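So you can see what is in the structure, the chains are spelled out below.
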Amino acid sequence: MLLLLGRILSFLFGANTYANADDTFVAPSGDAIEADALTFKMKQLSSMSATGFEQACSDLLARDGFRRPKRVGGAGDLGVDITARDDDDRLLIVQCKQYQSPVGSGHVQKFNGTARPHHGADLPIMIALNGFTQPAIDFAHHQLILMGRPELKRWAHAEHLYDVLGIQSTTH
């Protein structure tokens, strides 16, 4: 009963929720990074629920200064898990895949079919915890931005998203 009450209060007061208590952020120890910067270990990202993983990515966008990051994923989301805007007013549409194996071409093609035409994405980004198959990478070339495990690790460890992905910005 107390656990249920705690969850209800946590929901009502807007606490960020991931899969469980072990999914909290880790403050980095390096001197080059702000002591209060939000970071995650890959093991934490791997053990989160799908919703928790999406929320963690949304929180990382907020850490990097993106405006109005919002987790909107769920059944019928038409390929959008997170939306946000950068300082150049570009719309990021993010699809998060926490699969145990690399994401295949079919998922990438489906995201491609909705990100720009349906959602109006300026920057369609697909994040895959365990990377992408070669056919998926080949398909996405010049159409979508793919973020696999190595890039996700750098981002989760406090490097700015645009630095990880090589995206130019007038304000970053």
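If you're wondering where the values come from, they're calculated on a predicted model, not measured in any experiment.

Once that is clear, we can look at the side chain of histidine 160. Its place among the elements puts histidine 160 in the loop between helix 6 (149–156) and helix 7 (161–165). Take histidine 160: its relative accessible area is 12%, and that puts it in the buried class. Within the structure, histidine 160 has its side chain in polar contact with the backbone nitrogen of tyrosine 162 (distance 3.0 Å).

The next subject is the nonpolar core. Formed by 30 residues in total, the largest nonpolar core has its most connected members in Leu45, Leu61, Leu92, Ile127, Leu152, Trp155 and Leu161. For this core, the secondary structure elements donating two or more residues are helix 2 (42–47), helix 3 (50–63), strand 2 (82–85), strand 3 (91–97), strand 4 (123–128), strand 5 (145–147), helix 6 and helix 7. A per-element tally of this core places helix 3 first, with 5 residues. The contact partners of leucine 61, leaving out residues within four places of it in the chain, are Phe66, Pro69, Ile82, Ala84, Leu92, Val94, Trp155 and Leu161.

This model, assessed by the stated rule, comprises 1 aromatic pair. For the ring pair phenylalanine 66 and tyrosine 162, a centre distance of 5.2 Å and an interplane angle of 80° mean the geometry is edge-to-face. Here phenylalanine 66 is found in the loop between helix 3 and strand 1 (67–71), whereas its partner tyrosine 162 is found in helix 7, with 96 residues between them in sequence. Like tyrosine 162, phenylalanine 66 is buried.

Structurally, the position occupied by lysine 97 is in strand 3. For the buried lysine 97, which has no salt bridge, the nearest side chain bearing the opposite charge is aspartate 81, at an N-O separation of 5.9 Å. A distance of 3.4 Å separates polar atoms of two side chains, one belonging to lysine 97 and the other to glutamine 95. If we ignore the near neighbours within four places in the chain, the residues touching lysine 97 are Phe53, Val103, His107, Met126, Ile127, Ala128 and Leu129.

Moving on to helix 4 (residues 105–115). Within the sequence span of helix 4, burial applies to Ser105, Val108, Phe111, Thr114 and Ala115. Those residues of helix 4 that are buried are in contact with strand 3, strand 4, helix 5 (134–140) and strand 5.

Glancing now at the environment of phenylalanine 111. Inspection of the secondary structure assignment puts phenylalanine 111 in helix 4. When its relative accessible area of 2% is taken as the criterion, phenylalanine 111 is described as buried. Beyond its immediate sequence surroundings of up to four residues, phenylalanine 111 is in contact with Gly79, Ile93, Gln95, Pro124, Ile125, Met126 and Leu144.

So, how was this worked out
- Residues numbered from 1 in each chain as written.
- Predicted model: local features only at pLDDT ≥ 70, side-chain atom pairs only at ≥ 80, totals over all residues.
- Heavy atoms only, no water.
- Helix = DSSP H or I, 4+ residues; strand = E, 2+ residues; numbered from the N terminus.
- Buried < 20%, exposed > 50% of the residue type's maximum accessible area, 1.4 Å probe, protein only.
- Polar contact = N/O pair within 3.5 Å; in protein donor to acceptor, adjacent residues only side chain to side chain.
- Core = buried A, V, L, I, M, F, W, Y, C linked by side-chain atoms within 4.5 Å.
- Contact = heavy atoms within 4.5 Å.
- Phe/Tyr/Trp six-rings, centres within 6.5 Å; stacked < 30°, edge-to-face > 60°.
- Lys, Arg positive; Asp, Glu negative; His and termini not counted.
- Salt bridge = Lys/Arg side-chain N within 4 Å of Asp/Glu carboxyl O.

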